[in-house]
Amino acid sequence: MPGKTNIRSIRLSDELMEVIEAQAGWTFTEKYEGLIRRCVFEEPEIRRRVKELREELQQMEETLEERRKQAAELQRVIHILTNTKWQLDRV
């Protein structure tokens, strides 16, 4: 990266220091810049993907509910057929 002209001094909590130090990079600046870049540039894509997954989950839940209704109807029909067979066997 070309020369860095912005010099700042900041105070961070121990918790944030741990987050920054856990990032990839050799220096604090590399780690901090990488974290900021990921948050700025990757966050919109992650939000888009989360939205897609929520929509997919909603569709799956609707499909599951439909399958549950179908299964309940099949159970009802099986019960009716079983009773009908039992009655016919008695005749």
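For clarity, every value in this text was computed on a predicted model and none was experimentally measured.

A. The overall build of the chain, seen in detail. Per the secondary structure count, the chain includes two helices and zero strands. For 91 residues, the compact-globule formula gives about 12 Å, and the C-alpha radius of gyration of the chain, at 30 Å, lies well above that figure. For the chain, the C-alpha atoms occupy an extent of roughly 95 × 25 × 20 Å along the three principal directions. A total of about 8,800 Å² of accessible surface is found on the chain, and carbon and sulfur atoms cover 57% of it. Once the 17 positive and 18 negative side-chain charges of the chain are each reduced to a mean point, those two points are 2 Å apart.

B. Quick look at the pattern of salt bridges. Under the definition given, this model contains eight salt bridges. Residue R37 is joined to E33 by a salt bridge in which the shortest nitrogen-to-oxygen separation is 3.8 Å. Taken together, the residues span about one helical turn, with R37 and E33 both in helix α2 (residues 28–90) at a distance of four residues. Exposure remark for R37: the relative accessible area of 37% places this residue in the partly exposed category. Residue classification places E33 among the partly exposed residues on the basis of a relative accessible area of 21%. Residue R49 is joined to E52 by a salt bridge in which the shortest nitrogen-to-oxygen separation is 3.1 Å. With R49 and E52 both in helix α2 and three residues apart, this pair spans about one turn of that helix. Three or more residues joined by partner-sharing salt bridges are found here, namely E45, R48, R49 and E52.

C. Expanded view of α2. Here α2 contains 63 residues, and its C-alpha end-to-end distance of 86 Å stays within 8% of the 93 Å for a straight helix at 1.5 Å per residue. If you look at α2, its biggest bend is around 45°, right at E42, and the proline P44 turns up within four residues after that. Where α2 is concerned, the buried positions are K31, G34 and L35. Looking at the buried side of α2, the elements it contacts are α1 (14–21).

Procedures and definitions
Residues numbered from 1 in each chain as written. Predicted model: local features only at pLDDT ≥ 70, side-chain atom pairs only at ≥ 80, totals over all residues. Heavy atoms only, no water. Helix = DSSP H or I, 4+ residues; strand = E, 2+ residues; numbered from the N terminus. Rg over C-alpha atoms; globule rule 2.2 N^0.38 Å. Areas by Shrake-Rupley, 256 points an atom, 1.4 Å probe, with all protein chains shown as cover. Lys, Arg positive; Asp, Glu negative; His and termini not counted. Charge placed at Lys NZ, Arg CZ, Asp CG, Glu CD. Salt bridge = Lys/Arg side-chain N within 4 Å of Asp/Glu carboxyl O. Buried < 20%, exposed > 50% of the residue type's maximum accessible area, 1.4 Å probe, protein only. Expected span 1.5 Å × (residues − 1). Bend = angle between axes of the 7 residues up to and from the residue. Contact = heavy atoms within 4.5 Å.

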